[in-house]
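Chain residues, written in single-letter form:
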Amino acid sequence: MRRSIYPFTASFVLTIILVGCSSPGELSISQAWARPATAGNNGAVYFMVENPTSQEDALINVRSRVADAAEVHLSIVSESGVVSMEPQETVHFAPDSQVEFAPGGLHVMLIRLNQDLFEGDVVELILEFERAGEIEIMAPIGEP
Amino acid sequence: MKQRTIYLINIAAMLGLLIVVAVTVFFPQPYEYQGSLIEPPADSYAFALTKEDGTTYRLQDQQGKVVLIFFGYANCPDVCPTTLSDFKKIQGQLADQADQVEFVFITIDPERDTPQDIENYVSAFDPSFVGLSGSVEELQSVWDGYFVYRAKVESGSEAGYLMDHTARVYVIDQQGNLRLTFPFGMEADAMAADIAQLVDQN
Ligand SMILES: [Cu+2]
């Protein structure tokens, strides 16, 4: 009896230590928000990605129930004032870096919304990272 | 002799300073626009397009008001809504001057944007905003009139084709002249200050 409990306790303690250590140092999403938009149109979600780890990570997929499709896009404004939008297959996050998804730059584009995005509601979005796995975020609708 | 020279230099310096102070107090600096000022003001292209309700929207009819024009498309989720949201902020900051300012959004994607689509898109930001579409032929002269670049891009997006387009705000003054342009990304506060100045001038 005593013998069997000891390794269990040890592994339990070790798990707590690991969880306690790793969670503040993991890739995280913050400051998420979505632009209000109407059903049938497209929407955009913005947020901050923080990668405090020592390894590079990459955003490889995005999805949301509120739209037919979701894609990561990058808006680029040229010196002559022309804007273009380019779909991004992956977005890389260097070790110990922060990347902001913001208006006029990186954004998650929600294509053909199946519902209105009303100010004050939230949009559920799943971001899939190569290393960090799937992260579900709730983005409040409305400009912060 | 040397001391006398130093004394004179001091007097001259003090007088100089006094003049600078007097000039700044009695002749305040003219307002400096933060957008790109068009000097001398250029004629604006006076377009007329049919609105969703069947009435004709003529730029000429807006004389006496300041008109802000942006060219975009309803499928645009980032830059166009950001600009319309800036329009809303500018309108808010202008407060009681806001009724002297018109906010107009003209499509560069008439293939997909009907007058109804563009009206719905724009009025979600504010019911007073004007959304305009038309035939390619009608719109071509408007795009040309404002030197608007537009190009269809097959990007492989689920959204279908995307549009590259000029993302500048054009400001028409009360006399119907093209007076200012704002680049994309300019702070709404700065744009509002420029517009308030234009409204005040008249
Ligand atoms: Cu996009």
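Below is a summary of the structure that appears in this document. Quantities reported herein were computed from a predicted structural model and do not represent experimental measurements.

### A few points about the overall build of chain A
Helix and strand counts for chain A come out as one helix and ten strands. Counting every position in chain A, which comprises 144 residues, the buried fraction comes to 42%. When contacts within chain A are restricted to residue pairs at least 6 apart in sequence, long-range pairs at least 24 apart make up 67% of them. Within the structure as shown, chain A displays about 8000 Å² of accessible surface, and the carbon and sulfur contribution to it stands at 54%.

### Section: empty space enclosed by the protein
The tally for this structure, following the rule as stated, stands at two cavities of 30 Å³ or more. Looking at the largest cavity, the residues that line it are Ser75(A), Val83(A), Ser84(A), Met85(A), Tyr73(B), Cys76(B), Val79(B), Met163(B) and His165(B). Those elements giving two or more residues to the lining of the largest cavity turn out to be strand S5 (82-87) of chain A together with strand S8 (162-166) of chain B. No other element matches the three residues that S5(A) contributes to the lining of the largest cavity. Looking at the lining of the largest cavity residue by residue, the classes come out as six nonpolar, three polar and no charged. Its volume calculated, the second largest cavity comes out at about 40 Å³. If you trace the second largest cavity, you find it lined by Phe70(B), Thr83(B), Asp86(B), Ala167(B), Val169(B), Pro183(B), Phe184(B), Gly185(B), Met186(B) and Met191(B). Residue composition of the lining of the second largest cavity, grouped by class: seven nonpolar, two polar and one charged.

### Regarding the sheet that holds strand S9 (residues 169-172) of chain B
Residues and elements named next belong to chain B. Taking strand neighbours across the sheet as the criterion, the six strands line up as S1-S10-S9-S4-S5-S6 in an open arrangement whose pairing is mixed. Edge positions in the sheet fall to strand S1 (36-43) and strand S6 (130-132), since each of these pairs with one other strand and no more. Adjacent strand axes in the sheet meet at a mean angle of 25°, parallel and antiparallel pairs treated alike. Across four bridges, the pairing between S9 and strand S10 (residues 177-182) is antiparallel. In the strand pairing of S10, Tyr-170 is matched with Thr-181. Running at roughly 120° to strand S5 (residues 101-107), helix H4 (residues 136-145) makes contact with strand S4 (66-72) and S5 of the sheet.

### Details of the environment of Leu37(B)
Residues and elements named next belong to chain B. Take Leu-37: it is sitting in strand S1. When its relative accessible area of 34% is taken as the criterion, Leu-37 is described as partly exposed. Separated by 143 residues in sequence, Leu-37 and Leu-180 have C-alpha atoms that sit 4.6 Å apart. In this view, Leu-37 contacts Arg-179 and Leu-180; residues no more than four positions away in its chain are not counted.

### Some points on the side chain of Asn75(B)
As for its position among the elements, Asn75(B) is in the loop between S4 and helix H2 (79-94). On the accessibility criterion, Asn75(B) (19% relative accessible area) is buried. Excluding anything up to four places from it in sequence, Asn75(B) contacts Asn42(A), Met109(A) and Arg112(B).

### Describing the sheet that holds strand S3 (residues 57-63) of chain A
All names here are of chain A. Pairing within the open sheet is antiparallel, and its four strands lie in the order S6-S3-S9-S10. Each of the sheet's edge strands pairs with one partner strand only, and the pair in question is strand S6 (91-93) and strand S10 (133-140). Ignoring which end each strand starts from, the neighbouring axes of this sheet average 35° apart. Pairing of S3 with S6 involves three bridges; the strand directions are antiparallel. Pairing of Ala-58 across the sheet is with His-92, part of S6.

### Let's talk about helix H3 (residues 115-123) of chain B
Residue and element names in this part refer to chain B. Within H3 the residues assigned to the buried category are Ile-118, Glu-119, Tyr-121 and Val-122. Angularly, the buried residues of H3 cover 165° about the axis, an arc narrow enough to put them on a single face. On its buried face, H3 sits against H2, S5 and S6.

### Digging into the interface of chain A and chain B
Each side of the interface is counted separately: chain A has 27 residues, and chain B has 24 residues. Between chain A and chain B, a total of about 1900 Å² is buried, with carbon and sulfur atoms accounting for 56% of that surface. Contact with chain B buries surface across chain A, with Arg35(A), Val83(A) and Met85(A) losing the most and accounting together for 25% of the total. The salt bridge partner of Lys89(B) is Glu143(A), with a shortest N-O separation of 2.8 Å. Connecting chain A to chain B are 15 residue pairs in polar contact (both at pLDDT 80 or more).

### Brief notes about the environment of Gly176(B)
Residue and element names in this part refer to chain B. Position of Gly-176 relative to the elements: it lies in the loop between S9 and S10. For the pair Gly-176 and Asp-43, spaced 133 residues apart in the sequence, the C-alpha separation amounts to 7.1 Å. Other than its neighbours up to four places away in sequence, Gly-176 contacts Ser-44 and Gln-63.

### Considerations on the layout of surface pockets
By volume, the largest pocket is sized at about 460 Å³. Taken together, 23 residues form the lining of the largest pocket, with Pro36(A), Ala37(A), Glu119(A), Ala124(B) and Phe125(B) sitting closest to its centre. Counted by class, the lining of the largest pocket contains eleven nonpolar, six polar and six charged residues.

About the criteria used
- Residues numbered from 1 in each chain as written.
- Chains lettered and ligands numbered in written order.
- Predicted model: local features only at pLDDT ≥ 70, side-chain atom pairs only at ≥ 80, totals over all residues.
- Heavy atoms only, no water.
- Helix = DSSP H or I, 4+ residues; strand = E, 2+ residues; numbered from the N terminus.
- Buried < 20%, exposed > 50% of the residue type's maximum accessible area, 1.4 Å probe, protein only.
- Contact = heavy atoms within 4.5 Å.
- Areas by Shrake-Rupley, 256 points an atom, 1.4 Å probe, with all protein chains shown as cover.
- 1 Å grid on protein atoms, 1.4 Å probe; cavity = no way out; pocket = protein on both sides within 12 Å on 5 of 7 lines; lining within 4 Å.
- Points joined across faces, edges and corners; volume = space filled by probe spheres on them.
- Nonpolar A, V, L, I, M, F, W, Y, C, P; charged D, E, K, R; others polar.
- Pairing = 2+ DSSP bridges.
- Axes fitted to C-alpha atoms, helices over the stretch in contact; angles between N-to-C directions.
- Arc of directions from axis to C-beta.
- Buried area = accessible area lost by both parts, 1.4 Å probe.
- Salt bridge = Lys/Arg side-chain N within 4 Å of Asp/Glu carboxyl O.
- Polar contact = N/O pair within 3.5 Å; in protein donor to acceptor, adjacent residues only side chain to side chain.

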